Amino acid sequence: MKKISVVLAAIFVFSLALTGCGSKGGKFVTIGTGGVTGVYYPTGGAISKMINAKSKEYSIRASVESTGGSVYNINAVVGGDLEFGIAQSDRQFQAVKGLAEWKDKGPQSKLRSVFSIHPEALTLVASVKSGIKTIKDLKGKKVNLGNPGSGQLQNSKDALSAFGLDEKSVKAEYIKAVEAAGLLQDEKIDAFFYTVGHPNGSIKEATSGRIKVRLVDIAGKELDGLISKYPYYARALIEIKNYPSAANKKDVNTLGVKATLVTSSDVSADVVYAITKEVFENLDKFKELHPAYSVLTKQNMLEGLSAPVHPGAAKYYKEAGLDKYIKPELLK
Ligand code: GLU
């Protein structure tokens, strides 16, 4: 009996602590990210850190959730299960237009953009033993294309199709990126795709294990069509110095997109304003939180957006004179 009451008292105190800022009219917000060995997860942490440092001023507490990735995050944000999510710029574009995963559901009219973050590269990792040296060599191999809910699933399909391959030309797996490095090292798969910022824990894990692993180029004139057809794809480079244990020693050419922060039109302007302001006003501090942010500028963080900018974020951009960097149609 005594034990139970102690436990109950502890729960009571804990819930008081949790609702502490709730009782003063504060808000809890959750940011949907990705696998813990990716860059979205620490990015959610970095954004939370900025706003939580000012929890007294704003009465907002942010926390992070590990999820299946971009598509999951967009759906959870639009559905009201998460207040914020990190999503690839290409998936944001497709959700707004009702393409790809949103073809049947149609345009996601509640989706709002906040800002864009680090560049992400479509990363193809293969065991040396598999003999995969170009994307065309994936034919007949066991390849992880990405879990449903991830951003990379559509990117891997797009890349395969540019080279005349498809899901059926490979032995396709649909596993979460967080598991892929281990499966490659255990020789359960020959290769995997991951759209991700660099450096990251997954590619480090994949390249520093028992078996030799290389990062494979996704390059050539075959990509011209894809890049001209889809405005969100650009050529990108992965610096191999990030992965000294990889078998290849040259930088890797591939396709790139951007990570972006998204929210819903149902999320209050105060919350979005506060998060936007804290990240932008403390950008130098923010950039120290992950090496993938080294290229960030206030201007390029407003590029690559497709969804209307949330009014709370727009308020800050206008105050700060940054609205001139945003496509006017996104500020209506
Ligand atoms: N780009 C991946 C996705 O959308 C996630 C990458 C990461 O977690 O850093 O699923």
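These lines cover the structure that appears in this document, whether it is placed above or below.

About the cut-offs
Residues numbered from 1 in each chain as written. Predicted model: local features only at pLDDT ≥ 70, side-chain atom pairs only at ≥ 80, totals over all residues. Heavy atoms only, no water. Buried < 20%, exposed > 50% of the residue type's maximum accessible area, 1.4 Å probe, protein only. Helix = DSSP H or I, 4+ residues; strand = E, 2+ residues; numbered from the N terminus. Pairing = 2+ DSSP bridges. Salt bridge = Lys/Arg side-chain N within 4 Å of Asp/Glu carboxyl O. Near = heavy atom within 4 Å. Polar contact = N/O pair within 3.5 Å; in protein donor to acceptor, adjacent residues only side chain to side chain. Areas by Shrake-Rupley, 256 points an atom, 1.4 Å probe, with all protein chains shown as cover. Nonpolar A, V, L, I, M, F, W, Y, C, P; charged D, E, K, R; others polar.

To continue, consider the pairing of strand S4 (residues 111-127). The side chains of a regular strand alternate between the sheet's two faces. Here S4 lies mainly inside the structure; 16 of its 17 residues are buried. Where S4 lies against strand S7 (residues 191-196), 6 bridges are found, and the strand directions are antiparallel. For Ala-126, the partnering residue across the bridge sits in S7 and is Ala-191. By the bridge criterion, 4 bridges tie S4 to strand S8 (residues 213-216) in an arrangement that is antiparallel. Pairing of Leu-124 across the sheet is with Val-216, part of S8.

Right, let's get into the pattern of salt bridges. The tally for this structure, following the rule as stated, stands at 11 salt bridges. The salt bridge involving Lys-241 is made with Glu-239; its shortest N-O contact spans 3.4 Å. Look at Lys-241 and you get exposed, because its relative accessible area is 62%. Bridged by salt links that share partners, the residues Asp-90, Arg-91 and Glu-101 form one connected network.

Around the ligand, a shell composed of 14 residues is seen, among which Val-39, Tyr-40, Ser-70, Gln-88 and Thr-195 lie nearest. In this structure, Gln-88 approaches the ligand through a side-chain N or O atom, which is 2.8 Å from a nitrogen atom. Backbone polar atom of Gly-151 to an oxygen atom of the ligand: 2.8 Å apart, as the coordinates give it. In isolation the ligand offers 300 Å² of accessible surface; the protein chains occlude 99% of this area. Its residues assigned to classes, the shell around the ligand shows 4 nonpolar, 9 polar and 1 charged.

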